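Read off the chains here:
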2 protein chains.
Amino acid sequence: MDATLENLKYDSNGLIPAIIQDHQTGQVLMMAWMNKDSLAKTVETGKTHFFSRSRNKLWLKGESSGHVQDVKSISTDCDKDVVLVKVEQHGAACHEGYQSCFFRTYEQGKEEWTIVGERLFDPKKVYGK
Amino acid sequence: MDATLENLKYDSNGLIPAIIQDHQTGQVLMMAWMNKDSLAKTVETGKTHFFSRSRNKLWLKGESSGHVQDVKSISTDCDKDVVLVKVEQHGAACHEGYQSCFFRTYEQGKEEWTIVGERLFDPKKVYGK
C-alpha cells in the first residue's frame, strides 16, 4: 500500500469515512467506512470495498446486487481523515432501490422526511428477501 | 427541533457526519461533524454549524474567515446516520485556502498526494496566523 494511503488518519477503530460520488453527475451516492484493507482492495481491483461495522467484515459494494462501483479517482481532505471516491455506478447505489442513498430531504415542520429519489429497482427482487 | 432531525442516528458521542456539497456545481466541499445542537442551529440560522471534536465546541463555519455557507437543502441517507447539506459557499470552504477541502488526489506509486485545487486565498492573511 502506498504511503499516502497508509498515512491517512484512521480513527481509533482503524476506519475512515468514504464519500462516494458519481464522477459524471456529481451526485453524492453514499457514505460508508473503509479500513486499510478495504482501501487497498479498492485500489487493487478498481472497485469500491468497504468495512461493515455491523457485520465486522470487508465487503465489495455490489457483491449481492451486482451494482458495483468502478473507481475513477480517490481524494482526501485537508485533515487527511476522510476520502472522497469518484465512481461510475453500475445499477443503483442504494440497497433500498434508489440511485443515491440520500433520497430523503428535510422539510421544516414536517413529521416525515420527504422522498425525493425515484425507486429504480425492487430490493426484494435484487436481494431476494 | 423537528422529530425527523431529532431521530437521526447520532453515534455514541452524539455526533453525525455532515457532507457539505456546493448546490450549484455539485463539488463536495468538506465533511465535518454535527451534534443535535449544531444541526438545530444550522436549521434555525440557515448557516452551517458544526461540532469540533478537537476543540469540544460548536462552531459557525466561517466565524473567523467570513466564509459562511448558506444552507439550500438537508438530506439524509437510507440508514439515517449521515446528513448531506447542499450550500452556497461564500469565499472558499477550506481553511488552507482551497475551494474544497478535497484538494489532494491519489496517484498510484507516488509518495505524495497530488494537489489538484487552486489556492484562492492565503490562510495567513485570513486567519492571521
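Residues numbered from 1 in each chain as written. Chains lettered and ligands numbered in written order. Predicted model: local features only at pLDDT ≥ 70, side-chain atom pairs only at ≥ 80, totals over all residues. Heavy atoms only, no water.

Going by what an unreviewed UniProt entry lists, chain A is known as Phosphoribosyl-AMP cyclohydrolase and is assigned to Humisphaera borealis. UniProt, in the comment section headed Subcellular location (unreviewed entry), describes chain A in these words: "Cytoplasm". What UniProt states about chain A under its Subunit (unreviewed entry) heading is, verbatim, "Homodimer." (UniProt positions renumbered as here; feature names shortened; annotations may be inferred.)

Under the feature "binding site: Mg(2+)" (unreviewed entry), the UniProt entry names Asp77, Asp79 and Asp81 of chain A. In this structure, the largest pocket is lined, among the annotated residues mentioned, by Asp81 of chain A. With respect to the helices and strands, the residue Asp77 of chain A is situated in the loop between strand S5 (69–76) and strand S6 (83–89). If we skip the residues at most four places from it in the chain, Asp77 of chain A touches Val82 of chain A together with Cys101, Phe102 and Arg104 of chain B. Checked against the element boundaries, Asp81 of chain A lands in the loop between S5 and S6. In this view, Asp81 of chain A contacts Lys9, Ile16, Pro17 and Thr76 of chain A together with Arg53 of chain B; residues no more than four positions away in its chain are not counted. (1 Å grid on protein atoms, 1.4 Å probe; cavity = no way out; pocket = protein on both sides within 12 Å on 5 of 7 lines; lining within 4 Å. Helix = DSSP H or I, 4+ residues; strand = E, 2+ residues; numbered from the N terminus. Contact = heavy atoms within 4.5 Å.)

Computed from the structure, the largest pocket encloses a volume of approximately 1,200 Å³. Lining the largest pocket are 49 residues, with Ala32, Trp33 and Arg53 of chain A together with Asp79 and Asp81 of chain B positioned closest to its centre. Breaking the lining of the largest pocket down by element, the ones donating at least two residues are strand S1 (16–22), strand S2 (28–34), strand S3 (49–52) and helix H3 (123–127) of chain A together with strand S1 (16–22) and strand S2 (28–34) of chain B. Sorting elements by how many residues they give to the lining of the largest pocket places S2 of chain A first, with 4 residues. Here the residues of the lining of the largest pocket are counted per class, giving 25 nonpolar, 9 polar and 15 charged. Elements with a minimum of two residues in the lining of the second largest pocket: S2, strand S3 (49–52) and helix H3 (123–127) of chain B. (Points joined across faces, edges and corners; volume = space filled by probe spheres on them. Nonpolar A, V, L, I, M, F, W, Y, C, P; charged D, E, K, R; others polar.)

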